[in-house]
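Chain and residue survey
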Amino acid sequence: MNGQSDNNYQISAWRAEFIDPAMEQAYLKSVEPHTVRFLRIALCIWAALLMLFLPLDWLALGSSSGFAILSGLRLAHALMLLWLAYIVGKKSHWATWGWPTTWVAIAGYPLYFIYPFLIPDAGTFGLAVMLIMLLSIYVFLPNRLPLNNLIAAVGITGIVTVIAIQGADLAAVVLAMLVLLWPALLGYAAALRINTGNRRAFITLKELEEEIERRKTLESELKQQALTDPLTGLSNRRQYEMLFRRELDRHLRHGNPLVLGLIDLDHFKDINDQYGHDVGDQVLCHVAELLQAPLRQSDILGRFGGEEFIFILPDSDLDQARLVAERMRQSLETTRLVLEGKSIRVTATFAVTQVCATDTELNNIIRRVDSALYQGKHQGRNCVMCAAAA
Ligand SMILES: Nc1nc2c(ncn2[C@@H]2O[C@H](COP(=O)(O)OP(=O)(O)OP(=O)(O)O)[C@@H](O)[C@H]2O)c(=O)[nH]1
């Protein structure tokens, strides 16, 4: 891991979130499906528990306006919770965003704040419910930790204010505050550990993914290096021999026509001598591009060695191959390469041969084409020769 990613992976000690916002977003995105599922379950259970307490309200208040207010608040909050459970199914980013969960949680507080006024002798019970709720918010409500702190802070402040308004003395108010702070701190500590642990696991996964990616790149680079000519990027001997064997198999099995050709640049030594080896190298690269142009995707062009190239044309007969070679020859002849301010003309001699059923060895075919190429050199170069099949 380098210094830059070390910085990206820093986790805030009290928020248990990545300090880098982009990294935090990436983390939240990765846990979004899981958060949605978990949040929907938590919201549904919360709504069900709210409604489960309705009979207790009835026992305490009977059919009164107080009961109507409490059941109305219960129902309203339960509906809000179910609405959010429904919405996060549609807008999954709401689950990790955190604010919708926070507002819906806070919107339920009037029920708890009004409770002591309507049922004054339920003080201890109300405090116990609040205590369990605070702990549950931290442990079961999948939300961003700072926002869960906000929910807890609003809850504790509200309840303590209610107790103070009801005329409790300072000691009772402080005691209530301490009793509520205790589960909040406990929940916060547990959530801090869980959230930090989850993000550490995410870092490990990311590092593993980066390592896999790095190895894949390295592997494909090595593969590329092992199969291509470093100067021109064309297939090297290993690659074109392998591809030729595949095409030869196809030819022997299905009888598809197959042609092999060689290209030898004319008087290349003069180019090297006149312009230098570096320019010679650049000429080879340009020639490789020009030769590639008239070929199909399935055709194979390789560097045979030095200033010689090899081409393999699957599904082509000799006449088609001769035309292709002629197009390459003309393209070289008519394109002047301008390198380092010098205009260089390059020509080449071509030879092609049809691969036939008795051709099983690449070297034999090459020998046949090579002797046609030799003849072409003797006949004045810059031409296309055909070698008769064996
Ligand atoms: N710049 C450069 N030159 C190369 C490379 N490989 C081979 N050569 C040069 O290619 C030239 C080939 O010369 P010859 O075999 O005499 O052939 P030629 O000059 O092309 O003449 P003909 O083939 O008879 O037309 C030599 O000067 C080699 O040094 C290469 O990778 N880069």
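Residues numbered from 1 in each chain as written. Predicted model: local features only at pLDDT ≥ 70, side-chain atom pairs only at ≥ 80, totals over all residues. Heavy atoms only, no water.

As annotated in an unreviewed UniProt entry, the protein chain carries the name diguanylate cyclase and is attributed to Pseudohongiella spirulinae. Within the UniProt record for the protein chain, the comment given under Cofactor (unreviewed entry) is "Mg(2+)". Comment text from UniProt for the protein chain, heading Catalytic activity (unreviewed entry), reads "2 GTP = 3',3'-c-di-GMP + 2 diphosphate". (UniProt positions renumbered as here; feature names shortened; annotations may be inferred.)

With that settled, the discussion passes to the packing of aromatic side chains. Under the defined criterion, the tally for this structure stands at 12 aromatic pairs. Ring geometry for Trp 58 against Phe 67: centres 5.4 Å apart, planes inclined by 80°, an arrangement best described as edge-to-face. A relative accessible area of 17% means that Phe 67 is categorised as buried. Aromatic side chains Trp 94 and Trp 97 sit 6.1 Å apart centroid to centroid with 65° between the ring planes, which places their arrangement in the edge-to-face category. Here Trp 94 and its partner Trp 97 are both found in helix H5 (residues 93–97), three residues apart, which amounts to about one turn of the helix. Since its relative accessible area comes to 17%, Trp 94 is described here as buried. Note on Trp 97: relative accessible area 43%, which makes it partly exposed. An aromatic cluster is built from Phe 18, Tyr 27 and Phe 202, whose rings are joined through pairwise contacts. (Phe/Tyr/Trp six-rings, centres within 6.5 Å; stacked < 30°, edge-to-face > 60°. Buried < 20%, exposed > 50% of the residue type's maximum accessible area, 1.4 Å probe, protein only. Helix = DSSP H or I, 4+ residues; strand = E, 2+ residues; numbered from the N terminus.)

Around the ligand sit 16 residues, and of these His 267, Phe 268, Asn 272, Asp 281 and Arg 303 come closest. Within the side chain of Asn 272, one N or O atom sits 2.8 Å away from a nitrogen atom of the ligand. Within the side chain of Lys 377, an N or O atom sits 2.9 Å from an oxygen atom of the ligand. Within the complex, the protein chains bury 68% of what would otherwise be the 660 Å² of accessible surface of the ligand. Every element with two or more residues in the shell around the ligand is listed here: strand E1 (258–265), helix H12 (268–275) and helix H13 (277–292). Considering every element that reaches the shell around the ligand, the biggest residue donor is H13, with four residues. Considering only residue class, the shell around the ligand consists of three nonpolar, five polar and eight charged. (Near = heavy atom within 4 Å. Polar contact = N/O pair within 3.5 Å; in protein donor to acceptor, adjacent residues only side chain to side chain. Areas by Shrake-Rupley, 256 points an atom, 1.4 Å probe, with all protein chains shown as cover. Nonpolar A, V, L, I, M, F, W, Y, C, P; charged D, E, K, R; others polar.)

Moving on, we get to the environment of Glu 308. Inspection of the secondary structure puts Glu 308 in strand E3 (residues 308–314). Here the alpha-carbon distance between Glu 308 and Leu 284, two residues 24 residues apart in the chain, equals 9.5 Å. Dropping the residues within four chain positions of it, Glu 308 is found in contact with Ile 263, Asp 264, Arg 303, Asp 370 and Leu 373. (Contact = heavy atoms within 4.5 Å.)

In this section: the UniProt feature "transmembrane region" (unreviewed entry) in the protein chain. The feature "transmembrane region" (unreviewed entry), as given by UniProt, occupies residues 38–61, 67–88, 100–118, 124–141, 148–165 and 171–191 in the numbering adopted here. Taken as a whole, residues 171–191 contains 100% helix and 0% strand, while its terminal C-alpha atoms sit 30 Å from one another.

Let's shift gears to the packing of helix H8 (residues 123–140) against helix H9 (residues 145–165). Remark: H8 packs on H9, axes separated minimally by 10 Å, with the N-to-C direction vectors making an angle of 170°. On the basis of their axis angle, the class for H8 and H9 is roughly antiparallel. Here Leu 127, Met 130, Leu 134, Ile 137 and Tyr 138 of H8 lie close against H9, whose contacting residues are Leu 145, Asn 148, Asn 149, Ile 151, Ala 152, Gly 155, Ile 156, Ile 159 and Ile 163. Residue composition of the contact of H8 with H9, by class: 11 nonpolar, three polar and no charged. (Axes fitted to C-alpha atoms, helices over the stretch in contact; angles between N-to-C directions. Parallel < 35°, antiparallel > 145°, perpendicular 65-115°, else oblique.)

Take the packing of helix H2 (residues 21–52) against helix H10 (residues 170–227) next. H10 packs onto H2 with a crossing angle of 95° between their chain directions and a minimal axis gap of 11 Å. In terms of axis orientation, H2 runs roughly perpendicular to H10. In this structure, H2 uses Met 23, Glu 24, Ala 26, Tyr 27, Leu 28 and Ser 30 to contact H10, whose residues at the interface are Asn 198, Arg 199, Phe 202 and Lys 206. Here the residues of the contact of H2 with H10 are counted per class, giving five nonpolar, two polar and three charged.

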